[in-house]
Amino acid sequence: MILLQHVCSAPITPIGCNSHSPHSASIRDSILVSYFLFHFLPSSTSSSQTFPFHIASLGLFLFVQELILRDNKLTKIPDVGIFKKLLVFDVSFNEITSLQGLSKASSTIKELYSKNEVTNMEEIDHLHELQILELGSNRLRVMENLQNFTKLQELWLGRNRIKVINLCGLSCIKKISLQSNRLTSMIGLEECNALEEIYLSHNGIAKMEGLSKLVNLRVLDVSSNKLTSVDDIQNLTRLEDLWLNDNRIESLEDIAEGVSGSREKLTTIYHENNPYVWFSPNYNATLKQIFPNIQQIDSEVFA
């Protein structure tokens, strides 16, 4: 049995997002469109795994721009070739182990979300219009097949098994998340001058590098790594949020020097659970003096 829910004039708001990036499911265009959410009821037959072609004959389906197939029992990417004007396609939280079949999806897609058990980035080369790619919480080991995404703005690959950053020559990305992977180096980000937000927490990174040319960077999260010092960000003058907590940094002076370029701009810093914190009882007061416009230190927010 298949349930079709048709909602007009009101966007669907999915749940379960990468940290730092609430998933707004509303269509970015200003025109009025229809939104569709398909929910496949549990069934012992294979029909619960198959897209309902028989209802796709409705002419209205040709104009669907957002298709949400979240949280079902799908084991593979359904054939959604009927949707010629698709802008958002979300198949997250299913039981999908491969992106095979995605090649049939419309090349008009701007946002693709698939948080499943996928092992390879495949059959996505034709999606030249992609602006947001969310493949977090999968089983990816390699970053690949990204070279055609010249319009990509956001890349979310947190909670995978990636060891090396490889953006395949792309320089247009503004936000990237590689949290909770197996990285030991930041090398691979240095040519992405458009980057505004970087999330690299919960990896094994021991050195800050490749960041000096990222002059547009506003948010840098390198918490829960193996850093012993703050390097390569002295030239960054737009940095507003800096997450350094749960590392091995031993000197408060090192932070002051390392973030000197953003002394006036920095408003938020997380630095708890570093060695210097344990031996510097007045570290918050010192940070307030170093960064005159600071508004938040760890969980403490100032008026």
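What counts as what
Residues numbered from 1 in each chain as written. Predicted model: local features only at pLDDT ≥ 70, side-chain atom pairs only at ≥ 80, totals over all residues. Heavy atoms only, no water. Helix = DSSP H or I, 4+ residues; strand = E, 2+ residues; numbered from the N terminus. Areas by Shrake-Rupley, 256 points an atom, 1.4 Å probe, with all protein chains shown as cover. Core = buried A, V, L, I, M, F, W, Y, C linked by side-chain atoms within 4.5 Å. Buried < 20%, exposed > 50% of the residue type's maximum accessible area, 1.4 Å probe, protein only. Contact = heavy atoms within 4.5 Å. Disulfide = S-S within 2.5 Å. Arc of directions from axis to C-beta. Phe/Tyr/Trp six-rings, centres within 6.5 Å; stacked < 30°, edge-to-face > 60°.

Within the chain, the regular secondary structure consists of 3 helices and 14 strands. Roughly 13800 Å² of accessible area belongs to the chain as shown, and the carbon and sulfur atoms make up 50% of that amount.

Attention shifts here to the nonpolar core. Of all hydrophobic cores here, the largest spans 75 residues; its most connected members are Phe89, Leu133, Leu155, Leu167, Ile198 and Leu220. At the level of elements, α1 (252-258), α2 (275-278) and α3 (283-290) are the ones that each hand at least two residues to this core. Among residues more than four places away in sequence, those in contact with Ile198 are Ile176, Leu189, Leu211, Leu214, Leu217, Val219, Leu220 and Asp221. Counting residues in each nonpolar core, the second largest holds 7 residues, with Ile132, Trp156, Tyr199 and Val219 among its members.

The tally for this structure, following the rule as stated, stands at 0 disulfides. The thiol of Cys192 is not disulfide-bonded; the next cysteine sulfur, from Cys172, is found 8.0 Å away. Look at Cys192 and you get buried, because its relative accessible area is 1%.

Position of Thr268 among the secondary structure elements: in strand β12 (residues 268-270). With relative accessibility at 10%, the residue Thr268 sits in the buried group. In this structure, Thr268 is in contact with Glu240, Asp241, Leu242, Ile294 and Gln296, ignoring residues within four places of it in sequence.

Let us look at α3. Of the residues making up α3, those classed as buried are Tyr283, Asn284, Leu287 and Ile290. The buried residues of α3 occupy one face: seen down the axis, they fall within an arc of 120 degrees. Contacts made by the buried residues of α3 are with α1, β12, α2, β13 (296-297) and β14 (300-301).

Okay, the packing of aromatic side chains next. Scanning the model with the defined rule gives 2 aromatic pairs in all. A centroid spacing of 5.9 Å and a plane angle of 20 degrees characterise the contact between Trp156 and Tyr199, whose relative ring orientation is stacked. With Trp156 in strand β7 (residues 154-156) and Tyr199 in strand β9 (residues 197-199), the pair connects residues that are 43 residues apart, well separated along the chain.

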